[in-house]
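# Structural overview for review
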Amino acid sequence: MDDFTIERTDRPGPAWDERIAAIPGASLFHHSGWSRVWEGEYGHEGVGLMARRGGRDLAACFLVRKPSFVLGRHWVAVPYFDAAAPIGDAQFVRPLVERAWEMAREDGAKFLEVRSDVDLGAPWPCRSHKVTVRLDLPPVEEDLLPGFRKKLRSQIKRGLREVERTESGGAEWADAFHAVYSHRMRELGSPAHGARLFR
């Protein structure tokens, strides 16, 4: 493993997206567009790390430098999402996270938070208080409902009966969506993102 390098990309852009697309595990949440969103909305800067060997990209980690009055400056991979863990060849993920922690400390950060639903095999403190629930969808829509318990099926059917109409659209619905979203977040006692983020 001595012949690999770790490259840092500040404020990743389209070139990052082309490279990240070829790494197993890449998702929408590793896309550089989020870096521009978080920087434009909150002033958080994005940083990309890529492990390379023999001219090939083998693993990557997308991070955001996040100041906080409460927690102090820290780095997160990636804030507000639980689906942007380091990706790629497992043997290179740990060196990427170690390099990220070095950079975070050099930047004066108090901690580095890596959100992952798999064990990274590292000796760092780990919290497991959050739960991710996934449901494998059947190939045919009609097979989905019978898989639920009777009470849940009746709740779903009731909801479907009460819907008078559905509409979909683009950015013109952002403010209407935000009104519902922010009301619900307030009920949950969580701060809501601003409307501009959704626009």
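Let me sum up the structure you'll find in this document. Worth saying up front: this structure is predicted, and the values here are computed from it rather than measured.

Further remarks concern the overall build of the protein chain. Counting secondary structure elements, the protein chain contains six helices and six strands. Mapped from its N terminus to its C terminus, the protein chain presents α and β elements in the order β-α-α-β-β-β-β-α-β-α-α-α. Its C-alpha atoms give the protein chain principal-axis dimensions of roughly 60 × 40 × 35 Å. Going through the 199 residues of the protein chain one by one, you find that 31% of them count as buried. When contacts within the protein chain are restricted to residue pairs at least 6 apart in sequence, those whose partners lie at least 24 apart make up 62%. For the protein chain, the exposed surface amounts to about 13,600 Å²; the carbon and sulfur share of it is 53%. Side-chain charges of the protein chain comprise 30 positive and 29 negative groups, with the mean position of each set lying 6 Å from the other.

To continue, consider unusual backbone geometry. Residue Arg 11 is not a glycine yet carries a positive backbone phi of 50 degrees. Here Arg 11 lies in the loop between strand 1 (5-10) and helix 1 (14-20). Unusually for a residue other than glycine, Tyr 80 sits at a positive phi of about 70 degrees. We classify Tyr 80 as partly exposed; its relative accessible area is 32%.

As a further point, take the side chain of His 74. Turning to its location among the elements, His 74 is positioned in strand 4 (residues 74-77). Judged by its relative accessible area of 2%, His 74 falls in the buried class. Looking at His 74, its side chain comes within polar contact range of the main-chain oxygen of Gly 72, at 2.9 Å. Filtering out sequence-adjacent residues up to four positions away, His 74 remains in contact with Val 64, Arg 65, Lys 66, Ser 68, Ala 109 and Phe 111.

What follows covers the pairing of strand 3 (residues 56-66). Within strand 3, nine of the eleven residues are buried, which leaves it mostly tucked inside the rest of the structure. Linking two consecutive strands that pair antiparallel, namely strand 2 (residues 45-53) and strand 3, is a turn of two residues; a positive phi of about 60 degrees is found at Gly 54 within it. As defined by bridge partners, strand 3 adjoins strand 5 (residues 87-88) across two bridges and the pair is classed as antiparallel. By the bridge assignment for strand 5, Ala 60 is matched with Ile 87. One ladder, built from three bridges, connects strand 3 with strand 4; its direction is antiparallel.

This paragraph deals with the layout of surface pockets. A volume near 1,100 Å³ is recorded for the largest pocket. Glu 113, Val 114, Arg 115, Cys 126 and Arg 127 are the residues nearest the centre of the largest pocket, which is lined by 29 residues in total. Put simply, the parts of the chain that give the lining of the largest pocket at least two residues each are strand 4, helix 3 (90-106) and strand 6 (111-114). In this structure, the second largest pocket spans a volume of roughly 320 Å³. Partitioning the lining of the second largest pocket into residue classes produces six nonpolar, three polar and no charged.

Bringing the side chain of His 193 into the picture now. Mapped onto the elements of the fold, His 193 is located in the loop between helix 5 (174-188) and helix 6 (195-198). A polar contact of 2.6 Å, which involves the side chain of His 193, links it to the side chain of Tyr 42. In this structure His 193 touches Tyr 42, Tyr 80, His 178, Tyr 181 and Phe 198, once residues within four positions along its chain are discounted.

With that settled, consider a nonpolar patch on the surface. Together, Phe 69, Val 70 and Leu 71 give the surface a local cluster of nonpolar side chains, amounting to about 440 Å² of exposed area. With respect to the helices and strands, the residue Phe 69 is situated in the loop between strand 3 and strand 4.

Criteria and thresholds
Residues numbered from 1 in each chain as written. Predicted model: local features only at pLDDT ≥ 70, side-chain atom pairs only at ≥ 80, totals over all residues. Heavy atoms only, no water. Helix = DSSP H or I, 4+ residues; strand = E, 2+ residues; numbered from the N terminus. Buried < 20%, exposed > 50% of the residue type's maximum accessible area, 1.4 Å probe, protein only. Contact = heavy atoms within 4.5 Å. Areas by Shrake-Rupley, 256 points an atom, 1.4 Å probe, with all protein chains shown as cover. Lys, Arg positive; Asp, Glu negative; His and termini not counted. Charge placed at Lys NZ, Arg CZ, Asp CG, Glu CD. Polar contact = N/O pair within 3.5 Å; in protein donor to acceptor, adjacent residues only side chain to side chain. Pairing = 2+ DSSP bridges. 1 Å grid on protein atoms, 1.4 Å probe; cavity = no way out; pocket = protein on both sides within 12 Å on 5 of 7 lines; lining within 4 Å. Points joined across faces, edges and corners; volume = space filled by probe spheres on them. Nonpolar A, V, L, I, M, F, W, Y, C, P; charged D, E, K, R; others polar. Patch = residues over 30% accessible without salt bridge, like charges linked within 9 Å, V, L, I, M, F, W, Y side chains within 5 Å. Salt bridge = Lys/Arg side-chain N within 4 Å of Asp/Glu carboxyl O.

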